[in-house]
Amino acid sequence: MTPTTEMPRRVRLVEVGPRDGLQNEKQPISVADKVRLVDDLTSAGLHYVEVGSFVSPKWVPQMAGSAEVFAQIKQKPGVTYAALTPNLKGLEAAIEAGVSEVAVFGAASEAFSQKNINCSIDESLARFAPLMTAARENGIQVRGYVSCVLGCPYEGEVDPKRVAHVAHELFAMGCYEVSLGDTIGSGTPGKTRQLIEAVSREVPRDKLAGHFHDTYGQALANIYASLQEGVCTFDSSVAGLGGCPYAKGASGNVASEDVLYMLNGLGIETGIDLDMLIAAGQRISDVLGRPTGSRVARARLAAQ
Ligand SMILES: CC(C)(COP(=O)([O-])OP(=O)([O-])OC[C@H]1O[C@@H](n2cnc3c(N)ncnc32)[C@H](O)[C@@H]1OP(=O)([O-])[O-])[C@@H](O)C(=O)NCCC(=O)NCCSC(=O)C[C@@](C)(O)CC(=O)[O-]
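This report concerns the structure included in the present document. (Residues numbered from 1 in each chain as written. Predicted model: local features only at pLDDT ≥ 70, side-chain atom pairs only at ≥ 80, totals over all residues. Heavy atoms only, no water.)

## Structural notes on the packing of helix H7 (residues 160-172) against helix H8 (residues 189-199)
One can describe the packing of H7 onto H8 by two numbers: an axis separation of 8 Å at closest approach and a directional angle of 45°. By the angle class used here, H7 and H8 are oblique. Like other packed secondary-structure pairs, H7 and H8 cross with a definite hand, here right-handed. Seen from H7, the contacting residues are Pro 160, Val 163, Ala 164 and Ala 167; seen from H8, they are Leu 195, Ala 198 and Val 199. Among the residues forming the contact of H7 with H8, the class breakdown is 7 nonpolar, no polar and no charged. (Axes fitted to C-alpha atoms, helices over the stretch in contact; angles between N-to-C directions. Helix = DSSP H or I, 4+ residues; strand = E, 2+ residues; numbered from the N terminus. Parallel < 35°, antiparallel > 145°, perpendicular 65-115°, else oblique. Left-handed = near helix turned anticlockwise from the far one by under 90°. Contact = heavy atoms within 4.5 Å. Nonpolar A, V, L, I, M, F, W, Y, C, P; charged D, E, K, R; others polar.)

Structure follows, in structure tokens:
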């Protein structure tokens, strides 16, 4: 396989720590700690932060306080403060809370779709349609997620053509970008490249993002492979926080600090301050009472 494009000069990092990172935490995390995390991340130079979700509190109790978090963060100009919204009810609550944009989340696996949002893939797409219309009427951009792009916790292997189909549907209904979620972190660089080749037949590469969990330790390698394929937006989570409530054993997203360190090493610009990002990760790790999941942060802190 030969690289299709040159390495990008600039990469956009989508920080999902406050949402994907914290949604699975069993211990209560105060609104103040969530607000502090978001503000720390934007102070470090992140321009896109997924702050929370407007989903059923019965399904994901940790995200129940998302409106309060939005009310208390210091919204800076030029920063996108986003939230997940599975349906029209979620969109209405998100708009009320003052989001900059929202994300809908579908899956390439039927079983995961049922477990995560209680409906089939087709039903989920039908549910997103009125949300897309309402978002457009309110001038809100919508990002799309596809989960289980490189494997499903219930169905195993997932055909890249199925991913391409769902990504196409999301893009066609108006999502400005489609984030490809390796929910269980089982993907490898070769499969990642095959996936991007398949999906890019339906959605342009510059409208794709990579969302890699690090369960099998492949996330950075998969990001590097995606860069070789011309993808230049990646989701990551400070301190490697997270896991999906509907993917048992899935570890956190790739740590933002580790992605940034790699990008800095490649001479790729992001506009993010590594030391401040490490400090943000350390603070939330202290709140959670466990060591950071970022290897770069651990190395830097050990060297101090
Ligand atoms: C989609 C539903 C709501 C369907 O859940 P349902 O039970 O089928 O929905 P329903 O319409 O029958 O409503 C049931 C109850 O939920 C309420 N409800 C309905 N909608 C909302 C809403 N928006 N906000 C607040 N409440 C809501 C509704 O009002 C009702 O309340 P009740 O009458 O029982 O008191 C549910 O399955 C749900 O909330 N799922 C969320 C799951 C989730 O957040 N998962 C984690 C995020 S996805 C992820 O992490 C993967 C990703 C994106 O990171 C990428 C990757 O790594 O793969």
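## So, the site of the ligand
The environment of the ligand is made up of 26 residues, and the closest members are Lys 58, Asn 116, Asn 118, Ser 147 and Thr 183. Note that a nitrogen atom of the ligand is positioned 3.0 Å from one of the backbone N or O atoms of Phe 54. For the ligand, whose unbound accessible area comes to 1100 Å², protein coverage reaches 75%. Taken atom by atom, the bulk of the ligand overlaps the largest pocket. Elements supplying a minimum of two residues to the shell around the ligand: helix H1 (17-21), helix H4 (88-97), helix H5 (110-117) and strand E5 (141-147). Of the residues in the shell around the ligand, the class split is 11 nonpolar, 10 polar and 5 charged. (Near = heavy atom within 4 Å. Polar contact = N/O pair within 3.5 Å; in protein donor to acceptor, adjacent residues only side chain to side chain. Areas by Shrake-Rupley, 256 points an atom, 1.4 Å probe, with all protein chains shown as cover. 1 Å grid on protein atoms, 1.4 Å probe; cavity = no way out; pocket = protein on both sides within 12 Å on 5 of 7 lines; lining within 4 Å. Sits in = over half its atoms within 2 Å of the grid points.)

## Comments concerning empty space enclosed by the protein
Applying the stated criterion across every chain, the model contains 1 cavity of 30 Å³ or more. Estimates place the volume of the largest cavity at around 70 Å³. If you trace the largest cavity, you find 13 residues lining it, with Leu 180, Leu 195, Ile 196, Gly 210 and Phe 212 closest to the centre. Looking at the lining of the largest cavity, the elements with two or more residues in it are H8 and strand E7 (208-212). At 5 residues, E7 tops the list of elements feeding residues into the lining of the largest cavity. When grouped by side-chain class, the residues that make up the lining of the largest cavity number 9 nonpolar, 4 polar and no charged. (Points joined across faces, edges and corners; volume = space filled by probe spheres on them.)

## Some points on the pairing of strand E4 (residues 101-107)
Counted residue by residue, E4 has 7 buried out of 7 residues, so it is predominantly covered. Neither face of E4 is exposed, since Glu 101, Ala 103, Phe 105 and Ala 107 on one face and Val 102, Val 104 and Gly 106 on the opposite face are all buried. Relative to E4, strand E3 (residues 80-84) runs parallel, the two being bridged by 3 bridges. Its bridge partner being in E4, Leu 84 is matched across the sheet by Ala 103. The β-α-β motif built from E3, the intervening H4 and the parallel element E4 has right-handed crossover chirality. (Buried < 20%, exposed > 50% of the residue type's maximum accessible area, 1.4 Å probe, protein only. Pairing = 2+ DSSP bridges. Right-handed = clockwise from strand over helix to strand, strands pointing away.)

## As for H5
Turning to H5, its buried residues number three or more, namely Phe 112, Ser 113, Asn 116 and Ile 117. Taken down its axis, H5 places every buried residue within 100° of arc, on the same side. Looking at the packing, one finds that the buried side of H5 touches E4, helix H6 (121-137) and E5. Directly after H5, the chain includes Asn 118, whose backbone phi takes a positive value near 65°. (Arc of directions from axis to C-beta.)

## A look at a nonpolar patch on the surface
The grouping of Met 7, Tyr 224 and Leu 266 at the surface amounts to a nonpolar patch, some 230 Å² of accessible area in total. Looking at where Leu 266 falls in the secondary structure, it is placed in the loop between helix H10 (256-265) and helix H11 (274-288). Look at Leu 266 and you get partly exposed, because its relative accessible area is 35%. (Patch = residues over 30% accessible without salt bridge, like charges linked within 9 Å, V, L, I, M, F, W, Y side chains within 5 Å. Salt bridge = Lys/Arg side-chain N within 4 Å of Asp/Glu carboxyl O.)

## Some thoughts on helix H9 (residues 219-228)
Along H9, the residues that are buried comprise Ala 219, Asn 222, Ile 223, Ala 225, Ser 226 and Leu 227. Phi for Gly 230, located one or two positions after H9, is positive at around 90°.

## Some details on the packing of aromatic side chains
The tally for this structure, following the rule as stated, stands at 2 aromatic pairs. Ring centres of Phe 54 and Phe 70 lie 6.0 Å apart, and the angle between their planes is 35°; this geometry places the pair in the tilted category. Highlighted residues: Phe 54 in the loop between strand E2 (48-53) and helix H3 (66-72) and Phe 70 in helix H3, separated in sequence by 16 residues. For Phe 54, a relative accessible area of 11% puts it in the buried group. Look at Phe 112 and Tyr 154: their rings are 6.5 Å apart centre to centre, the planes differ by 35°, and that puts the pair in the tilted class. (Phe/Tyr/Trp six-rings, centres within 6.5 Å; stacked < 30°, edge-to-face > 60°.)

## Section: the layout of surface pockets
Size it by volume and the largest pocket reaches roughly 690 Å³. Considering only residue class, the lining of the largest pocket consists of 18 nonpolar, 13 polar and 4 charged.

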